[in-house]
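Close look at the chain arrangement
As a plain string of letters, each chain reads:
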Amino acid sequence: MPDEEAKRAVTIEVNRDLCTGAAACLVYPFYEIDDESKAVLLTKNNLNSDDPRNTLAKGGVVLIEDMQNAGGLPLEEIQQMAIDSAKICPFNAIIVRDAEGKKIWPPEDDF
Ligand code: SF4
């Protein structure tokens, strides 16, 4: 990944304690549900190219784990999808951070 893109990269993690396996996030091509009914990030190692959920992944997003664009979608679009995928989780179990590790989503509590 070029330096400039790396500076803008985001990372996703799933808080397994908060995840209920409700699966709303599966409309985005970053996740699958594991055998403990928790969302896990798809990576280049566990992508199943026959899985219809991975249509976008097959379109070019290969290194989903570190949000590297392999030539399909613009990085900005992947970043926005990552944030949108976190916002769809009703339990705020998906955490998105910027390249410096600062939390983008969910917002900090006001308390
Ligand atoms: S939407 Fe949230 S709670 Fe549901 S499976 Fe995805 S991460 Fe887990």
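Residues numbered from 1 in each chain as written. Predicted model: local features only at pLDDT ≥ 70, side-chain atom pairs only at ≥ 80, totals over all residues.

Overview of the overall build of the protein chain
Regarding its fold elements, the protein chain presents three helices and five strands. For the protein chain, the sequential pattern of α-helices and β-strands runs α-β-β-β-α-α-β-β. Here the protein chain holds 111 residues, and 22% of them are scored as buried. Contacts in the protein chain between residues far apart in sequence, at least 24 positions, make up 47% of those at least 6 positions apart. (Helix = DSSP H or I, 4+ residues; strand = E, 2+ residues; numbered from the N terminus. Buried ≥ 20, exposed ≤ 12 C-beta atoms within 10 Å, placed from the backbone. Contact = placed C-beta atoms within 7 Å.)

Points about the site of the ligand
The ligand sits among 13 residues. The nearest are Cys19, Ala22, Cys25, Ala39 and Cys89. Class assignment for the residues of the shell around the ligand results in 11 nonpolar, two polar and no charged. (Near = placed C-beta within 6 Å. Nonpolar A, V, L, I, M, F, W, Y, C, P; charged D, E, K, R; others polar.)

Here's the deal with unusual backbone geometry
For the bond running from Trp105 to Pro106, omega is -5°, close enough to zero to count as cis. In this fold, Pro106 is placed in the segment after β5 (103-105). At Ser37, a position not held by glycine, the phi torsion is positive, near 60°. Residue classification places Ser37 among the exposed positions, given that 11 C-beta atoms sit within 10 Å. Positioned with a positive phi, Asn92 is a non-glycine residue whose angle comes to about 50°. Relative to the helices and strands, Asn92 is located in the loop between α3 (75-87) and β4 (94-97). Taking the number of C-beta atoms within 10 Å as the measure of exposure, Asn92 has 13 and is therefore partly exposed.

Brief notes about the environment of Ile104
When you line up the elements, Ile104 lands in strand β5. A tally of 16 C-beta atoms within 10 Å means that Ile104 is categorised as partly exposed. The sequence separation of Ile104 and Thr11 amounts to 93 residues, and the corresponding C-alpha distance is 9.7 Å.

Some details on the pairing of β4
Alternating residues of β4 divide into Ile94 and Val96, all buried, and Ile95 and Arg97, none buried. Inspection of the sheet shows β4 paired to β5 by two bridges, in the antiparallel sense. Bridging from a neighbouring strand, Val96 pairs with Trp105 of β5. Here β4 hands over to β5 after five residues, with Gly101 in that stretch at a positive phi of 90°. (Pairing = 2+ DSSP bridges.)

What to know about the sheet that holds β5
Backbone hydrogen bonds are what pair the strands of a sheet, in a parallel or an antiparallel way. Across the sheet, which stays open at both edges, the three strands sit in the order β1-β4-β5 with antiparallel pairing between neighbours. Where the open sheet ends on each side, the last strands, each with one partner, are β1 (11-14) and β5. Between one strand axis and the next, the sheet turns by 35° as a mean value, whatever way the strands run. (Axes fitted to C-alpha atoms, helices over the stretch in contact; angles between N-to-C directions.)

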